[in-house]
Amino acid sequence: GSDELVVVCAPDYPLPAGRSIAAKALVDFEYSTTSGVLSLLAVAPTTVACGTVSSSIQGPCLMAFNAPNILVTGLGTISGGSTGIRVLSGVIAGGIVNQGSVIGSAYGVLVNQGATTITGGLSNAGLIQASSTLAGAGVLMNATSLAGGLNNASTGTISGYTGLMVASGSTLTGGLTNAGLITGTLAGVSLALSSLQNGLSNTAGTISASVTGLMVSQSSLSGGLTNTGLITGLSGAGINLTASGLT
């Protein structure tokens with residue numbers, strides 16, 4: 001067949017069938033056309049890969065296969081954007097460790113469709129927050145896979161309209177361990193059309209929401225549910241399982 005150039009000008013642009021892309025976090029492009037000829041110019045990105053954050057910086061920070069790890073120290077704060085940390089597409093051999101503050105108006109950490117696999121998990125001992133009270137999530141996994149588990153330590157808080165949302169065919173392996181606070185308006189933890197493997201352990205922690213503490217809808221939770229803390233919903237159930245499996 002003939003050669004074909006596929007140019008993706010935005011991370012969420014739909015690709016042709018059978019194509020995939022691993023997005024880079026360290027370069028951006030400007031483009032122009034002259035007499036039908038496309039020219040690309042590499043420029044400094046408007047958003048950056050942050051690596052280690054030990055001061056206050058503007059979000060979002062980008063995570064990608066060529067920038068696979070983010071560490072926010074106890075002195076670090078990412079804020080001021082709609083997203084604190086955004087994970088781009090690709091297989092990413094790294095993880096996120098937060099000991100400081102990661103704040104976005106819509107998402108604290110966004111792992112969006114196309115971010116195929118993150119192998120190193122997510123550990124939080126600080127604050128991950130989506131500040132909007134109308135939508136969004138502290139951590140959103142959307143049609144993605146996170147290996148290595150998600151651990152929220154006793155000093156950790158994950159909060160948003162939904163605290164943690166695992167949605168649209170996502171898989172979280174390595175389990176969810178909470179010894180701190182995961183809280184939201186709609187739900188503390190929401191699992192929708194997705195899978196949580198290796199169990200959910202709420203060890204002296206709190207999973208809470210104005211409506212439902214733990215919401216599991218058309219999903220599977222394997223490895224068991226252990227609770228020695230508090231799982232509570234103010235106007236709804238503490239735990240709500242709908243058309244789901246718990247093993």
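All residue numbers here refer to positions counted from 1 along the written sequence of the relevant chain. Residues qualify for local features only when their pLDDT is at least 70, as the model is predicted, and side-chain atom pairs are given and counted only at 80 or more; totals for whole chains, interfaces and linings, by contrast, use all residues. Here the side-chain values reflect all heavy atoms present in the structure, with hydrogen atoms and water set aside.

Description of the sheet that holds strand 17 (residues 150–152)
Put simply, the rule is: For two strands to be treated as a pair, DSSP must find at least two bridges joining them. Strands are runs of DSSP state E lasting at least 2 residues, helices are runs of H or I lasting at least 4, and numbering of each runs from the N terminus.
Spatial strand order, 4-7-10-13-17-20-23-27: 8 strands in an open sheet with parallel pairing. At either margin of the open sheet sits one strand with a lone partner, and together these are strand 4 (52–53) and strand 27 (225–227).

Quick look at the environment of T155
Using the following cut-off: Under this definition, polar contacts are N or O atom pairs within 3.5 Å; protein pairs additionally need one hydrogen-donor-capable and one acceptor-capable atom, and for neighbouring residues in sequence, both atoms have to be side-chain atoms.
Among the structural elements, T155 can be located in the loop between strand 17 and strand 18 (157–167). Along the primary structure T155 and A125 are separated by 30 residues, whereas in three dimensions their C-alpha atoms are 5.1 Å apart. From its side chain, T155 meets the backbone oxygen of A125 in a polar contact 2.7 Å long.

Section: the sheet that holds strand 19 (residues 171–172)
The sheet built from 7 strands is open, its strands ordered 9-12-16-19-22-26-30 with parallel pairing. Single-partner strands in this sheet number two, and they are strand 9 (91–92) and strand 30 (245–246). Examined bridge by bridge, strand 26 (residues 220–221) and strand 30 share 2 bridges and lie parallel to one another. Looking across to strand 30, one finds that S220 is bridged to G245.

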